[in-house]
Amino acid sequence: MTDPHSGTPLLAGLSEAQRSVVEATGRIEEYTPGTRLFDEGGDADRCWLIISGQVAVDTHVLHRGPVTLQSVGAGELLGWSWLIPPYRWHFGAVTVAPTRALVLDASQVRVLVETDPELGFLLTRILLETLVNRLQATRLRLLDLYRNPA
Amino acid sequence: MTETSDSVTLTLAPAGDRLPEFRPGQFAMLYAHGIGEIPISVSAIPGDGTLVHTIRAVGPVSRALHDAEPGTVLGVRGPFGTAWRLDDDEGLLLVAGGIGLAPLRPVLRQALACRSSRRVILIAGARTPADLLYREELRRLSDMDGPEVVLTVDRGEVGWNGRVGFVTEPLATHPIDPAHTTALLCGPEPMMRFCARALLGRGVPAERIEVSLERNMQCGNGLCGHCQLGPLLVCRDGPVVGYPVAEPLFPVKEL
Ligand SMILES: Cc1cc2nc3c(=O)[nH]c(=O)nc-3n(C[C@H](O)[C@H](O)[C@H](O)COP(=O)(O)OP(=O)(O)OC[C@H]3O[C@@H](n4cnc5c(N)ncnc54)[C@H](O)[C@@H]3O)c2cc1C
Ligand code: FES
């Protein structure tokens, strides 16, 4: 269930103190639909813990414009390119519904990860879980399960 | 009624005796004259003796049923098989993939008709927005104070503002009360397997997860052995079974 304070169940595994330290690096923001949060190739300086709403992760395809690859919604993490050099966005992201998110400052979170090994481990694990879930979902989509077999 | 490029919804009125009442999750054996007979779930149960089926054309028999003109006489046998468990007041979480939405639709309709306080959530996935069944009906539902409807597609298209992704993604985060949720899953087996695992991970008890199995059928009533899956005859002991029964059978290939 969404925790009204942190706005995200993702940080539920952290202690109260750890959670406050992480949350202190960010602030709650609200966006109207159609707000571009980041562009492919841009500086990955923030990440979003989505409290409500929906964001489309997209990429630009020649002659087709932006194509949505994946949606990120309430309770999910948007943006992980900030953890691994060269800290640039691999894709773009735009809100498709009124969206509320806890926006964390990536450079501050990176410092936390590097200076507090225990917290760093927990945060890296949260990120890894998100990545594994996305990878699984992408693989299942690649299977094209709903396709007409005929 | 045309649903998508390869599926239609047919309403069948009895030409002879009325069949006994179907329950959500059960199926009929539909016979296209001279071509063959296949199992098709009920996708609505109007209560006036008519039967509603949504059929996706994948081969000769389903294609013939799909192409049937109004007035065509079809053979119908049923009801067969087990039904979804709907016997308590727990919240209902329906997860459907592709044509798997058809057997879950009577549950949605029943939930709406009862107007109980039971919370009903539908998470439905399809290949593209154009492959989503019952789009108008689902849009109406999500505009009402009825079931919560989450639609997600593998590939988005211009103008699609719903989710893009596999059903397991909203399933992992949509707010539910795991201890008081009954989950009904219907779709391709890998989908049901991954969804069931995600639900177990969220704390939904295995015995509150039900899946609908698919196997080739011939007699439909436990006589020929065509639909055998491990110890089960899917036409008689299924298609709806609890996850504890289905789990060890999922990797078993059709016998
Ligand atoms: C209990 C039960 C309920 C069902 N309910 C419905 C329903 O409500 N609506 C509906 O459209 N179908 C439903 N089906 C599936 C339907 O019975 C099959 O699609 C049908 O038997 C195909 O017969 P066919 O002669 O047209 O094609 P076939 O010649 O048997 O098959 C043609 C091709 O399609 C593949 N195929 C067959 N069935 C499926 C399938 N289900 N999924 C993916 N590939 C398949 C075959 O492997 C083959 O490659 C249900 C099946 C069961 C067991
Ligand atoms: S179809 Fe004959 S036993 Fe099941």
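Residues numbered from 1 in each chain as written. Chains lettered and ligands numbered in written order. Predicted model: local features only at pLDDT ≥ 70, side-chain atom pairs only at ≥ 80, totals over all residues. Heavy atoms only, no water.

J.: Sorry, what's going on with the sheet that holds strand E5 (residues 51-56) of chain B here?
T.: Strands pair in a sheet through their backbones, by hydrogen bonds, and they do so in one of two ways: parallel or antiparallel. Residues and elements named next belong to chain B. If you walk across this open sheet you meet the 3 strands as E1-E2-E5, and the pairing is antiparallel. What marks the edges here is a single partner per strand, and that holds for strand E1 (2-4) and E5. Adjacent strand axes in the sheet meet at a mean angle of 25° when their direction is disregarded. Taken together, the 2 bridges between E1 and strand E2 (residues 7-12) define a ladder with antiparallel strand orientation. If you follow Thr-2 over to E2, its bridge partner there is Val-8. (Pairing = 2+ DSSP bridges. Helix = DSSP H or I, 4+ residues; strand = E, 2+ residues; numbered from the N terminus. Axes fitted to C-alpha atoms, helices over the stretch in contact; angles between N-to-C directions.)

J.: Mind showing me how you'd approach the interface of chain A and chain B here?
T.: Frequently, the measure chosen for interface size is the accessible area removed from exposure when the parts meet. Listed per partner, the contact involves 22 residues of chain A and 26 residues of chain B. Buried surface at the junction of chain A and chain B, both sides included, amounts to about 2200 Å², of which 56% is carbon and sulfur. Broken down residue by residue, the surface that chain A buries against chain B is led by Leu-140, Arg-141 and Tyr-146 of chain A, which jointly contribute 34%. The salt bridge partner of Arg-163 of chain B is Glu-76 of chain A, with a shortest N-O separation of 3.3 Å. Linking chain A with chain B are 10 residue pairs in polar contact (both at pLDDT 80 or more), by the criterion used here. Among the secondary structure elements, those contributing two or more residues to the side of chain A that touches chain B are strand E5 (65-73) and helix H3 (117-142) of chain A. For the side of chain A that touches chain B, the residue count by class is 10 nonpolar, 8 polar and 4 charged. (Contact = heavy atoms within 4.5 Å. Buried area = accessible area lost by both parts, 1.4 Å probe. Salt bridge = Lys/Arg side-chain N within 4 Å of Asp/Glu carboxyl O. Polar contact = N/O pair within 3.5 Å; in protein donor to acceptor, adjacent residues only side chain to side chain. Nonpolar A, V, L, I, M, F, W, Y, C, P; charged D, E, K, R; others polar.)

J.: Can you help me understand the sheet that holds strand E1 (residues 26-31) of chain A in this one?
T.: Residue and element names in this part refer to chain A. Judged by pairing direction, the sheet is antiparallel, and its 4 strands sit side by side in the order E1-E8-E3-E6 without closing on themselves. Strands with a single pairing partner mark the edges of an open sheet, and in this sheet they are E1 and strand E6 (77-78). Docked against the sheet, helix H2 (residues 106-115) engages strand E3 (46-52) and strand E8 (99-105), running at close to 55° with respect to E8.

Note that all results are geometric; they support no functional claim without further evidence.
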